[in-house]
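A structural walkthrough
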Amino acid sequence: MPTPHRPPPASRRALRKLGEDIRAARLRRKLPMDIVAQRAATSRPTIARIEKGDPGVSVGILASVLQALNLLENLAEVADASKDATAQNILFEELPKRASGPRKRNRNVKVSDDG
């Protein structure tokens, strides 16, 4: 089932490449679509859609197919914060320009003996 909107070209290219890579992984493992579909609890036409880069395939089914190919760990790493160079650069830019020590207390404050 196609999505109601058309993703931007860069997204479509990325999905096509992902589909091609999934197909190559399946073929390297010498697994027919039927077996991968069975292991991923989906259908052969859905596997074909994934391999063509169809943006309408749910991420849950995509994850099931990656698991069937023993590639699920790679999906979990896609947005890993430790590999997000953009976010790390932003955090670096937000660091203070110079370090400052703790502020000194005013030692001239008198304490009353009322008590």
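For the structure, check the block above.
The shown structure was predicted, so the numbers you read here are calculated from the model rather than taken from an experiment. (Residues numbered from 1 in each chain as written. Predicted model: local features only at pLDDT ≥ 70, side-chain atom pairs only at ≥ 80, totals over all residues. Heavy atoms only, no water.)

Okay, the packing of helix α1 (residues 9–28) against helix α3 (residues 44–52) next. Axis separation between α1 and α3 bottoms out at 6 Å; the angle between their running directions is 125°. With respect to α3, the axis of α1 lies oblique. Mapping the contact onto sequence places R16, G19, E20, I22, R23 and R26 in α1 and I50, E51 and K52 in α3. In the contact of α1 with α3, the residues fall into 2 nonpolar, 1 polar and 6 charged. (Axes fitted to C-alpha atoms, helices over the stretch in contact; angles between N-to-C directions. Helix = DSSP H or I, 4+ residues; strand = E, 2+ residues; numbered from the N terminus. Parallel < 35°, antiparallel > 145°, perpendicular 65-115°, else oblique. Contact = heavy atoms within 4.5 Å. Nonpolar A, V, L, I, M, F, W, Y, C, P; charged D, E, K, R; others polar.)

Here we come to the nonpolar core. Membership of the largest hydrophobic core comes to 17 residues, with the highest contact counts inside it found for I22, V36, I47, I50, V65 and L69. Sort the elements by how many residues they give to this core and helix α4 (residues 59–68) lands first, with 4 residues. Residues in contact with V65, not counting those within four places in the same chain, are I22, V36, A40, I47 and I50. (Core = buried A, V, L, I, M, F, W, Y, C linked by side-chain atoms within 4.5 Å. Buried < 20%, exposed > 50% of the residue type's maximum accessible area, 1.4 Å probe, protein only.)

What follows is about the side chain of R26. Checked against the element boundaries, R26 lands in helix α1. Among the residues examined, R26 registers a relative accessible area of 7% and is labelled buried. In contact with R26, not counting residues within four places along its chain, are L31, P32, M33, V36, E51 and L69.

One non-glycine residue, A41, lies in the positive phi region at around 55°. Residues other than glycine seldom take positive phi values, yet N70 does so here, at roughly 60°. Within the secondary structure layout, N70 lies in the loop between α4 and α5 (72–76). Judged by relative accessible area, N70 falls into the exposed class, the value being 68%.

In this section: the side chain of E51. With respect to the helices and strands, the residue E51 is situated in helix α3. Given a relative accessible area of 9%, E51 falls into the buried group. A distance of 2.6 Å separates a polar atom in the side chain of E51 from a polar atom in the side chain of R26. Excluding anything up to four places from it in sequence, E51 contacts G19, E20, I22, R23, R26 and M33. (Polar contact = N/O pair within 3.5 Å; in protein donor to acceptor, adjacent residues only side chain to side chain.)

Once that is clear, we can look at the pattern of salt bridges. Pairing of side chains with opposite charge becomes possible as their charged atoms draw close. Under the criterion given, the structure shown has 6 salt bridges. Across the salt bridge formed by R23 and E51, the nearest N and O atoms sit 3.9 Å from each other. Linking R23 in helix α1 with E51 in helix α3, this pair joins segments that are 28 residues apart in sequence. A salt bridge links R44 to D34; its shortest N-O distance comes to 3.5 Å. Of the two residues, R44 is situated in helix α3 and D34 in helix α2 (residues 33–39); the sequence distance between them amounts to 10 residues. On the basis of relative accessibility, which here comes to 46%, the residue R44 falls in the partly exposed class. Among the residues examined, D34 registers a relative accessible area of 47% and is labelled partly exposed. Linked by salt bridges that have partners in common, R23, R26 and E51 make up one network. (Salt bridge = Lys/Arg side-chain N within 4 Å of Asp/Glu carboxyl O.)

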